Amino acid sequence: MYKRQVYIATTHNFHYENILLCLSKKIPVLCEKPMVCTKKEAEAVFAEAKKQNTFVMEGMWARFLPQVVQAKKWLEEGRIGHVELATSTVAFRAEYDPESRLFNPVLAGGAVWDVGVYALELITFLMGEQPLEVQPMITCTPSGVDRAASINLRFSDSLACAQTTCMASTRNGIALNGTEGSIWIPDALHDKEALFYNRKGELAEHFIADFENGFVWEVEEAIRCVREGKLESPVIPWSDTIACAGIFDTVLGV
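Residues numbered from 1 in each chain as written. Predicted model: local features only at pLDDT ≥ 70, side-chain atom pairs only at ≥ 80, totals over all residues. Heavy atoms only, no water.

Enquirer: I'd love a proper account of the packing of aromatic side chains, names of residues and values included.
Expert: With the rule as written, the count across this model stands at seven aromatic pairs. On the basis of an interplanar angle of 85 degrees and a centroid distance of 6.1 Å, the ring pair of Trp61 and Tyr118 is categorised as edge-to-face. Placement of the pair is Trp61 in the loop between strand E3 (56-59) and helix H3 (66-76) and Tyr118 in helix H4 (residues 111-127), with a sequence separation of 57 residues. Like Trp61, the residue Tyr118 is buried in the burial classification. Aromatic pair Trp74 and Phe196: ring centres 5.8 Å apart, planes at 45 degrees, arrangement tilted. Here the residue Trp74 occupies a position in helix H3, and Phe196 occupies one in strand E10 (residues 193-198), the gap between them amounting to 122 residues. A residue is classified by how much of its surface remains accessible, and Trp74, at 1% relative accessible area, is buried. (Phe/Tyr/Trp six-rings, centres within 6.5 Å; stacked < 30°, edge-to-face > 60°. Helix = DSSP H or I, 4+ residues; strand = E, 2+ residues; numbered from the N terminus. Buried < 20%, exposed > 50% of the residue type's maximum accessible area, 1.4 Å probe, protein only.)

Enquirer: Tell me about the packing of helix H1 (residues 12-24) against helix H2 (residues 39-52), and name the residues and values.
Expert: Relative orientation of the contacting elements H1 and H2 amounts to 10 degrees, with a least axis distance of 10 Å. In terms of axis orientation, H1 runs roughly parallel to H2. Across from Tyr16, Ile19, Leu20 and Leu23 in H1, the residues of H2 making contact are Glu41, Ala44, Val45, Glu48, Ala49 and Gln52. Across the contact of H1 with H2, the residue classes tally to seven nonpolar, one polar and two charged. (Axes fitted to C-alpha atoms, helices over the stretch in contact; angles between N-to-C directions. Parallel < 35°, antiparallel > 145°, perpendicular 65-115°, else oblique. Contact = heavy atoms within 4.5 Å. Nonpolar A, V, L, I, M, F, W, Y, C, P; charged D, E, K, R; others polar.)

Given below as structure tokens:
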């Protein structure tokens, strides 16, 4: 049994080296999102984790939230039929300061790495697959980091759009629109609701969760996986982190 486990919450630019340091000591890691900034770094991290036979997981805590889990259950039950179009918006407004963590390129600032990762990893989790095609558009700050992004995603038989910004208040949420109905998760990171509408647009089911700390489930998952001798979590598998990092590469041109 491991005597130590590490939770990494440094700025994004340090995640890669921090993870590798822990792995060199065979210390299991739960690392804040985004785990790394590029696909190359993601592949290197997981190759090292496999070599060291040590658990690593990206801290995509929002995948465990009850309202997100409920929405995924509705999808898997076929409640809204085939998903034709989905949108995922996660954004907020911050005061521009080129020296701050959010806007400093040296600290891996920018909207996509900071909160766009939620929009991407929640939509791919709910859709149950990774996009086959990515078409991004971004705007940048004077300091050179992205301040807003709209990312079109083509899945095997569905379309989606992930949007993010750190310069404007938006109506955050995830909409999944299918042939037999739709699902709306308002502000998935902060609210505790999921709403199911039938094909007539009538509210058919309203799920409201009751919890105080949304980080509990990802911690429990990491502990469970380590205790069971797993190297990765089935909820946030290495392949998903690698795929999201690949989208970063496409969107940000890194």
